[in-house]
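The primary structure of each chain is shown beneath.
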There are 2 protein chains.
Amino acid sequence: MQQQKRLIVDMDGVLADVYSQFLYFKEKDTGIRLSTQELMGKSEADIFGDQWKYLYSKAFFRDAPVIEGSQKVLEQLNKCYELFIVSSATEFPQSLTEKQEWLNEHFPFITWKQMVFCGIKTVIKGDIMIDDHYKNLDYFSGQTILFTQPHNYGSPEKQHTRVNNWSDIAALLL
Amino acid sequence: MQQQKRLIVDMDGVLADVYSQFLYFKEKDTGIRLSTQELMGKSEADIFGDQWKYLYSKAFFRDAPVIEGSQKVLEQLNKCYELFIVSSATEFPQSLTEKQEWLNEHFPFITWKQMVFCGIKTVIKGDIMIDDHYKNLDYFSGQTILFTQPHNYGSPEKQHTRVNNWSDIAALLL
C-alpha cells in the first residue's frame, strides 16, 4: 500500500471562523458592523486591534462558528491523507483546552493523536499545508495551499495555490 | 552568521520528573514505595497501570518536580540552538495549560513561540531530538539522544546516543 501523504490543516481562518468572532466583538464594543469590503487586504490586528483582548478571554475560540463545508470535506480527507490539525495556540494559553474541545465537538473523527498546538509552525513537517497565513506557508517545505481570508486578499500569491472555500480544497485534494 | 541547529526537547521524563509523581501516587494508593531497581526495564504502564487515572487529574503534570540540572543546561542551550519544547499532551487535555504554566514557572526563558503540545511527534522536524521514548526518537530524521529513564533501561540503543543526565547533555551539545 502506498504511504499516505501527510496533510497539515490550520484551525483559525480555515476550520474556525474567527472573523465572525472579531466582527461580533467589534460590534459589541462600538456598535459598528464592518462590511467584508472594509476588511479586505488589511491585517486582523489593524482592523481588530481593540478587540485583541478577547483572544485571551474564554469563549473567543470555543464559540467560533465552523467554516462552511469544512466538516464534510475534512472527514473525507481524513480517510485518504495522514491528517494533522496544527494550530497556533500557546500565545493564548486558555485557548489550548478550548481548541481541543472545539475540535472534539465539531470534528469528532479527529483524534488527540492528530492535534498539534504550537507557537510557530516552522517546526512542522508534512507534504501539504493548508493555512490562511503567509507566515506559516512560506516556511513549509511541501505543497502550500492559501485559504482566502480578508487579510490575505490581494496579496501576491507567490508560490502558494489559492483556494476560496472547502469546495476548492475538495476539487484539489480529493 | 551560521544558522542555529534546531533542538527538540521532550518534557516528561527529560525536564519533568514524572516518575516521582507516579511513585508518589503508587505509595498513596498502596502504601508501597517501589525502589528504582523494581522499575528498571519495565514500561510505565506496566508498573503504574493503576495510577494511570492520575494522568487525567489536575496536578499530576503541574506539580511534577524538575529534573536535576535541566534548568541551567537548557538556559545555555537556548542561547546557541533554535530550541523547541515538544510534549505529548493532547491525550490528557487538562495537561495542556498545566504544562504551559509549568514551563513558564520553571523555564521562564522559554517563550510561547518555543512550545509545542501534540499527540504524536512524527510531525516534528529538527536537527536534534532529546527524548526518553524510542517511539519518538525512532521516527525522527535528525540526531537522536535517548535520555535514560527506568522504562528504557537495558533496551537496545539502536541508532540513538544515550545520556544519563543533563551533565551528559551539556558535554555533548555545549
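How should I be thinking about the interface of chain A and chain B in this particular structure?
The figure often quoted for interface size is the accessible area lost as the parts come together. Counting from both sides, the interface comprises 25 residues of chain A and, opposite them, 25 residues of chain B. Counting the surface lost from both chain A and chain B, the interface buries some 2,200 Å², and carbon and sulfur atoms represent 63% of this. The largest share of the area that chain A buries against chain B comes from Trp112, Val123 and Lys125 of chain A, three residues that together contribute 28% of it. On the surface where chain A and chain B come into contact, there are 0 salt bridges. When contributions to the side of chain A that touches chain B are tallied by element, the ones reaching two or more residues are strand S1 (6-9), strand S2 (82-88), helix H5 (95-106) and strand S3 (115-118) of chain A.

Mind showing me how you'd approach the packing of helix H4 (residues 70-80) of chain B against helix H7 (residues 166-173) of chain B here?
How two helices sit against one another is set out by the angle between their axes and by the gap between those axes. All names here are of chain B. Direction vectors running N to C along H4 and H7 enclose 20°, while the axes themselves pass 9 Å from each other. Classified by the angle their axes make, H4 and H7 are roughly parallel. As for the relative orientation of H4 and H7, their crossing is left-handed in sense. Residues Ser70, Val73, Leu74 and Leu77 of H4 lie in contact with H7, whose contacting residues are Trp166, Ile169, Ala170 and Leu173. Its residues assigned to classes, the contact of H4 with H7 comprises 7 nonpolar, 1 polar and no charged.

What exactly am I supposed to notice about the confidence of the model for chain A here?
When pLDDT is low, close inspection of the predicted coordinates is not appropriate. Averaged over all residues, the pLDDT of chain A is 95; the fraction at 70 or higher stands at 99%. Predicted as a complex, the structure gets a pTM of 0.95 and an ipTM equal to 0.95.

I'm lost on the sheet that holds S2 of chain A in this one. Help?
Strands belonging to one sheet form pairs held by backbone hydrogen bonds; the direction of such a pair is parallel or antiparallel. Spatially, S6(A)-S5(A)-S4(A)-S1(A)-S2(A)-S3(A)-S3(B)-S2(B)-S1(B)-S4(B)-S5(B)-S6(B) is the arrangement adopted by the 12 strands of the open sheet, whose pairing is mixed. Edge positions in the open sheet fall to strand S6 (161-163) of chain A together with strand S6 (161-163) of chain B, since each of these has one partner strand only. Ignoring which end each strand starts from, the neighbouring axes of this sheet average 20° apart. Taken together, the 3 bridges between strand S5 (residues 143-147) of chain A and S6 of chain A define a ladder with parallel strand orientation. Residue leucine 146 of chain A lies in a different strand from S6 of chain A, and its bridge partner there is arginine 162 of chain A. The sheet strands contacting helix H5 (residues 95-106) of chain B are S3 of chain A together with strand S2 (82-88) and strand S3 (115-118) of chain B, and the helix crosses S3 of chain B at an angle near 155°.

Can you walk me through the packing of aromatic side chains in this structure?
Aromatic ring pairs are defined here through the distance separating the ring centres and the angle between the ring planes. Residue and element names in this part refer to chain A. Summed over the entire model, instances satisfying the criterion amount to 26 aromatic pairs over all chains. Aromatic pair phenylalanine 25 and tyrosine 54: ring centres 4.1 Å apart, planes at 15°, arrangement stacked. Here phenylalanine 25 is found in helix H1 (residues 18-30), whereas its partner tyrosine 54 is found in the loop between helix H3 (44-48) and helix H4 (70-80), with 29 residues between them in sequence. Judged by relative accessible area, which is 9%, phenylalanine 25 ranks as buried. Of the aromatic side chains, those joined through ring pairs into one cluster are Tyr19, Phe22, Tyr24, Phe25, Phe48, Trp52, Tyr54, Tyr56, Phe60, Phe61 and Phe92. Across from the ring centre of phenylalanine 61, 4.5 Å away, lies the NZ or CZ of lysine 99, which sits over that ring.

Can you walk me through the side chain of glutamate 98 of chain A in this structure?
Residues and elements named next belong to chain A. Mapped onto the elements, glutamate 98 comes out in helix H5. Buried charge glutamate 98 goes without a salt bridge, the closest partner of opposite sign being lysine 58 at 4.8 Å. Not counting residues within four places of it along the chain, the set of residues in contact with glutamate 98 comprises Ser57, Lys58, Ala59, Phe60, Phe61 and Arg62.

Where do I start with the relation of the copies chain A and chain B in this structure?
For these two chain copies, the linking operation is a rotation about an axis paired with a shift along it. Under the fitted operation, chain A is carried onto chain B by 0.0 Å of movement along the axis and a turn of 180°, and the coordinates agree to an RMSD of 0.0 Å. Expressed as an axis order, the relation between the two copies is that of a two-fold axis. Interface residue correspondence from chain A to chain B reaches 100%, placing this contact among same-surface, isologous pairings.

Rules and cut-offs
- Residues numbered from 1 in each chain as written.
- Chains lettered and ligands numbered in written order.
- Predicted model: local features only at pLDDT ≥ 70, side-chain atom pairs only at ≥ 80, totals over all residues.
- Heavy atoms only, no water.
- Contact = heavy atoms within 4.5 Å.
- Buried area = accessible area lost by both parts, 1.4 Å probe.
- Salt bridge = Lys/Arg side-chain N within 4 Å of Asp/Glu carboxyl O.
- Helix = DSSP H or I, 4+ residues; strand = E, 2+ residues; numbered from the N terminus.
- Axes fitted to C-alpha atoms, helices over the stretch in contact; angles between N-to-C directions.
- Parallel < 35°, antiparallel > 145°, perpendicular 65-115°, else oblique.
- Left-handed = near helix turned anticlockwise from the far one by under 90°.
- Nonpolar A, V, L, I, M, F, W, Y, C, P; charged D, E, K, R; others polar.
- pLDDT = per-residue confidence, 0-100.
- Pairing = 2+ DSSP bridges.
- Phe/Tyr/Trp six-rings, centres within 6.5 Å; stacked < 30°, edge-to-face > 60°.
- Buried < 20%, exposed > 50% of the residue type's maximum accessible area, 1.4 Å probe, protein only.
- Lys NZ or Arg CZ within 6 Å of the ring centre and 35° of its normal.
- Lys, Arg positive; Asp, Glu negative; His and termini not counted.
- Least-squares fit on C-alpha atoms with pLDDT ≥ 70 in both.

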